[in-house]
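If you want the building blocks of each chain, they are given just below.
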Amino acid sequence: ENLGIALHLGAVELAPIAARAYAKLKSLRGTGREWLRRFPEHAACALIAPALGKRNEARDCAAASLRYLASIGKLALIEEVASRYDLPEVLTALHAMLDESPLDRYPAKRAALPGFWKPGGWHRPLLQDGKALPDAALDALGTMMMFPTNEEVYAGLHQVKAACTPQSLADFAWDCFSGWLNASAPSKDSWALSNLGLFGQDDTARKLTPFIRAWPGEAAHARAVMGLDVLAAIGSDVALMLLNGIAQKVKFKGLQDKAREKIDQVAEARGLSPEELADRLAPDLGLDAQGSMLLDFGPRAYKVGFDESLKPYVREWQDGTPGARLPDLPKPKKTDDAAMAADAVERFKLLKKDARTIASQQVLRLGLAMCARRRWNTDVFAQFIAGHPLVRHLVRRLVWGVYAMPLETVGEGEDAHEQVASYGGELL
């Protein structure tokens, strides 16, 4: 409860406490990390011995903390402290610990799998050759999923991810999450939620987002914030679009603020402003360069278009020639190819759902850009605005202007007459 006070105190006695907070306590991880960063010499003096000692929780925490300090440029300091033992084997052991294989970085004490762990009834992860993982491997996978992720995701999970098909792992992880949720979502097993960030796909993000939006109203704000981390970890265009949607509009202000923070972090990591990131957050939804999609039923085909509100519609399509515009995709007939028709229906269903989410975001974004008199470099405008397969359907209904960039805004080496585009109209 009082760990924050320790941030003002450099004392060797506090190092094990800060190390445990960093390595084991999710709610205090940031505070523990900050203490280590502020007092690296105190930390090294206290943590080298346990980090090289008997395998237990203290060793796990100490080793993780020293690896963190080494990662932020404190390796020379740690080596200098280790040299004070005046024993060459200490430095040797220290380097061995710091260079330890990621596969060997797992907790000395491992908890039993929880009661909701019933993988026999879940979707099985499939190897790349199509074979399913056996029961024994599933329990090993569950144990790895439970490992803490204060340093990084356990390396064994990356091996599993490389060995198995992405969709089968996403389905398995979702079933695990559903089991956890049905067991009243115990916080000690929140790994069932966080692992969606590692194994999840676009459909995972779509299914998870309604939960994230609802959880604060069920006194589960912390769980919702973890859900934001999951969307950011999935990191696909669709996942980031959904994250940005929460940042723009949700009825719980605390969650909205956290979503905006997460968007800012993603933008900073990519070297972009939040507005520049937003330019890149609209998924193309699998549309072609002209902003359309062909839905093939076999004997029949339909071309998808969009109206002024980004609501998709279809036209009959025969031998490259457009036909009548239809209000919705027709139902498959017996004469159609069953597999192709089913795939087309599912693609159109997802397209309508995603386009509805994107439409509200993009109309609001362009409206705010107009109010702020925002301007784009013409290359960026061509790639992410006018040339975007979906956003182009909105952009071509607007009045745009081209301007010479003001001299005072031109950086060193830039052309003072570089052209920028600015949206200055209304929806037509």
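The rules behind the values
Residues numbered from 1 in each chain as written. Predicted model: local features only at pLDDT ≥ 70, side-chain atom pairs only at ≥ 80, totals over all residues. Heavy atoms only, no water. Phe/Tyr/Trp six-rings, centres within 6.5 Å; stacked < 30°, edge-to-face > 60°. Helix = DSSP H or I, 4+ residues; strand = E, 2+ residues; numbered from the N terminus. Buried < 20%, exposed > 50% of the residue type's maximum accessible area, 1.4 Å probe, protein only. Lys NZ or Arg CZ within 6 Å of the ring centre and 35° of its normal.

*Asks:* Is there a simple way to explain the packing of aromatic side chains in this structure?
*Replies:* The geometry of an aromatic ring pair is captured by two quantities: the separation of the ring centres and the angle between the planes. Scanning the model with the defined rule gives 17 aromatic pairs in all. Ring geometry for Trp-174 against Phe-211: centres 6.2 Å apart, planes inclined by 50°, an arrangement best described as tilted. Of this pair, Trp-174 sits in helix α9 (residues 166-182) while Phe-211 is found in helix α12 (residues 202-214), placing the two residues 37 residues apart along the sequence. Since its relative accessible area comes to 12%, Trp-174 is described here as buried. Using a relative accessible area of 29% as the deciding quantity, one classes Phe-211 as partly exposed. With a centroid separation of 5.9 Å and 35° between ring planes, the pair formed by Phe-211 and Trp-215 is classed as tilted. Given a relative accessible area of 2%, Trp-215 falls into the buried group. Taken together, Phe-116, Trp-117, Trp-122, Phe-172 and Trp-191 form an aromatic cluster joined through their ring pairs. The lysine or arginine in question, Arg-375, covers the ring of Tyr-403, its NZ or CZ lying 3.8 Å from the ring centre.

*Asks:* I keep staring at unusual backbone geometry and nothing clicks. Help me out?
*Replies:* Trans peptide bonds make up most of the peptide bonds, and negative phi angles are found at most residues other than glycine. Phi is positive for Asp-86, close to 55°, though the residue is something other than glycine. Secondary-structure assignment places Asp-86 in the loop between α5 (57-83) and α6 (88-98). A positive phi angle is found at Ala-185, which is not glycine, with a value near 50°. When its relative accessible area of 9% is taken as the criterion, Ala-185 is described as buried.

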